[in-house]
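A structural walkthrough
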Amino acid sequence: MSARRPVTVVGATGAVGHAAAGFLHRVGVPLRLVGRRESALRSLAGELAGPADGPARVAVAVADLTDPDALEWACAGSGVVVNCAGPATAVGARVAVAADAAGAHYVDAAGDDLLDGQLAAAGLPGPGRVAVLAAGMSPGLTGLLPRLLAGRPFTRVERLTGYAGGRDRFTPAAAADYLASLTDGYGHAGAAWRDGRVVAGALSPRLGEPAPFFPGLVSAFPYLSGELRRVAADLGLVEASWFNVFDGEHTLALLGRLRSGTGGGDGVEPGEAARQLCHAAELDAAGLRPYQLFVLEMTGVTDTGPLTRTLVARAPDAYLLSGAVAALAALAVADDGLPPGRHRADAVLPPQRSVRRLRDWGALLSVEVSDVAVAAAAEVEEGVL
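Description of the structure in this document. (Residues numbered from 1 in each chain as written. Predicted model: local features only at pLDDT ≥ 70, side-chain atom pairs only at ≥ 80, totals over all residues. Heavy atoms only, no water.)

1. Quick word on the packing of helix 12 (residues 318-334) against helix 14 (residues 351-361)
Helix-helix packing: each pair is described by the crossing angle between the helix axes and the interaxial distance. We count it as follows: To get an axis, fit a line to the C-alpha atoms, keeping to the stretch in contact for a helix; angles then go from 0 to 180 degrees between the N-to-C directions. Numbering of helices and strands runs from the N terminus; a helix is a DSSP stretch of H or I covering at least four residues, while a strand is a stretch of E covering at least two. Throughout, the term roughly parallel applies to angles under 35 degrees, roughly antiparallel to angles over 145, roughly perpendicular to angles from 65 to 115, and oblique to all others. Definitions for this section: a left-handed crossing has its near helix turned counterclockwise from the far helix by less than a right angle. A right-handed crossing has that turn clockwise. In this description, contact between two residues means that some pair of their heavy atoms is separated by no more than 4.5 Å. Side-chain classes follow a simple rule in which Ala, Val, Leu, Ile, Met, Phe, Trp, Tyr, Cys and Pro form the nonpolar group, Asp, Glu, Lys and Arg form the charged group, and the remainder, Gly included, forms the polar group.
For the pair helix 12 and helix 14, the least separation of the axes is 11 Å and the interaxial angle reads 125 degrees. By the angle class used here, helix 12 and helix 14 are oblique. Judged by the twist between their axes, the crossing of helix 12 over helix 14 is right-handed. Taken together, the residues of helix 14 that come into contact with helix 12 (itself represented by Leu321, Ala324, Val325, Ala327, Leu328 and Leu331) are Ser354, Arg357, Leu358 and Trp361. Of the residues assigned to the contact of helix 12 with helix 14, the class counts are 8 nonpolar, 1 polar and 1 charged.

Encoded structure:
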């Protein structure tokens, strides 16, 4: 690694920051951990003091996101600043501004179109510096997987259908960001990509139904994110449909109330809605193992004719996965592998190498690709089970 300056992880004691710091330490990166509570930071630093692949110094710095001077001081001397603090909707560009003032490159485990606009308006990143946004599970991995699937032997891809989700806890920050994503311009619920444009209301939720490879009955909500719009345009897709999947009746019931404004959902303050979502997810996960599952089907053309391929990826934890993707982006930046300017993680991280490393790190349990339609692949798995 050419950069000897530390990688600073802001929000290091949160679920995503903890994971990102762990993966970076594992490969021998000198770290600085930033958060509000010194005791928690020192506890994490002690936890990371074990074996690594190289000399990995771990320092701590206390800073509150509402204090720009303290935040800039915490970032001073960094090569790369990785923002894992949340909710992303509340943090906005604060960490990016501090990183740029400190002369550091920037990676955000969240942040997509809205953050990109905020950085553009502020003229960030500065000359010669790099900013990588959307470096998490979603957005991030959910953009990398279609790009992986679209590779050889396809010569042209045409249609994509994807399912992503499962059963997992919500942290308060993640719950706030998820709820904000439904209304604050992150994407379009019910929309799909058709013939090069966004078509509103093209798809309907599938409630309490089977979905390929998911255990039992789940609920799948169609959602066209800004990330998927870019992927569809980059790959030249004719059609793209994406579903966010929830495995749990309490979470489904709460989201239904919040979406419709019935049963106590009308006028619920955002903080209270996030708290309720955390509680509902806890009820659904009680006594059960969390999981994240990604199922993608892509059709297109090869040198020998039409082809349909299916990708199935499994992960144990959404926050572990987000932290791992953020760590990958930080390594790419620290190794001087990206040109100056703003980038999205899925567009600049090499899909095959990145997915392989996520699997080696244990952030992904398995990734399987088969040259059959998703329904046929699911039947084969059911037969094996």
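Once the structure has been displayed, the description carries forward.
2. Describing empty space enclosed by the protein
So the rule is basically this: In this analysis, the protein atoms alone were mapped onto a 1 Å grid. Cavities are point sets where a 1.4 Å probe fits without being able to get out; pockets are open sets with protein on both sides within 12 Å along at least five of seven lines; lining residues have an atom within 4 Å of a point. Grid points are joined across faces, edges and corners, and a volume is the space filled by probe spheres set on the points.
Enumeration over the complete set of coordinates arrives at 1 cavity of 30 Å³ or more. Of the pockets and cavities examined, the largest cavity occupies roughly 30 Å³. Listed by contribution, the elements that provide at least two residues to the lining of the largest cavity are helix 5 (94-101) and strand 6 (130-133). In the lining of the largest cavity, the residues fall into 8 nonpolar, no polar and 1 charged.

3. Comments concerning the pairing of strand 6
Keep this limit in mind: When a residue's accessible area, from a 1.4 Å probe over protein chains only, is under 20% of the maximum for its type it is buried; when over 50% it is exposed; and in between it is partly exposed. Pairing between strands is defined by DSSP: at least two bridges between the two strands are required. Classification remark: right-handed applies to a crossover when, strands pointing away from the viewer, the course from the first strand over the helix to the second runs clockwise.
Neither face of strand 6 is exposed, since Val130 and Val132 on one face and Ala131 and Leu133 on the opposite face are all buried. Pairing between strand 5 (residues 105-108) and strand 6: 2 bridges, direction parallel. Its bridge partner lying in strand 6, Val107 is registered against Val132. A crossover links strand 5 with its parallel partner strand 6, the connecting element being helix 6 (residues 113-121), and its sense is right-handed. Taken together, the 4 bridges between strand 6 and strand 16 (residues 341-344) define a ladder with parallel strand orientation. Residue pairing for strand 16: Val130 is matched across the bridge by Gly341.

4. Details of the sheet that holds strand 5
Two modes of strand pairing occur in sheets, parallel and antiparallel, and in both the strands are linked by backbone hydrogen bonds. Taken together, 7 strands build an open sheet; the order of strands is 3-2-1-4-5-6-16 and the sheet is parallel. In this open sheet, the two strands that pair with only one neighbour each are strand 3 (58-62) and strand 16. The mean angle between the axes of side-by-side strands here comes to 20 degrees, regardless of whether they run parallel or antiparallel. Here 4 bridges tie strand 1 (residues 7-10) to strand 4 (residues 80-83), and the two strands are oriented parallel to one another. Across the sheet, residue Val9 finds its bridge partner in strand 4, namely Val82. Strands in contact with helix 6 are strand 5, strand 6 and strand 16; relative to strand 16, the strand with the most contacts, it is inclined by about 180 degrees.

5. Describing helix 3 (residues 68-75)
Our working rule: The directions considered for the arc run from the helix axis to the C-beta atoms.
Taken residue by residue, helix 3 has Ala70, Leu71, Ala74 and Cys75 as its buried positions. Projected down its long axis, helix 3 shows its buried positions confined to an angular sector of 135 degrees, all on one face. Exposed residues on helix 3 whose side chains face more than 90 degrees from its buried face are Pro68, Asp69 and Trp73. Lining the buried residues of helix 3 we find strand 1, strand 2 (31-35), strand 3, strand 4 and helix 5. Of the residues one or two after helix 3, Gly77 is the one with positive phi, at around 85 degrees.

6. Quick word on the pattern of salt bridges
Note on pairing: side chains with opposite charge can pair once their charged atoms come close. Selection criterion: Salt-bridge detection follows one rule: a side-chain nitrogen of Lys or Arg within 4 Å of a carboxyl oxygen of Asp or Glu.
Per the stated rule, a full pass over the model turns up 20 salt bridges. The partner of Asp100 in a salt bridge is Arg129, with the nearest N and O atoms 2.9 Å apart. Here Asp100 is found in helix 5, whereas its partner Arg129 is found in the loop between helix 6 and strand 6, with 29 residues between them in sequence. Given the relative accessible area of 19%, Arg129 is considered buried. Close ionic contact of Asp317 with Arg169 constitutes a salt bridge, the shortest N to O distance being 2.7 Å. Of this pair, Asp317 sits in the loop between strand 15 (305-315) and helix 12 while Arg169 sits in the loop between strand 7 (154-167) and helix 8 (172-181), and the two are 148 residues apart along the sequence. Assessed through its relative accessible area of 14%, Asp317 is described here as buried. Because the salt bridges share partners, they merge into one network encompassing Asp112, Asp113, Asp116, Arg229, Arg230, Arg342 and Arg344.

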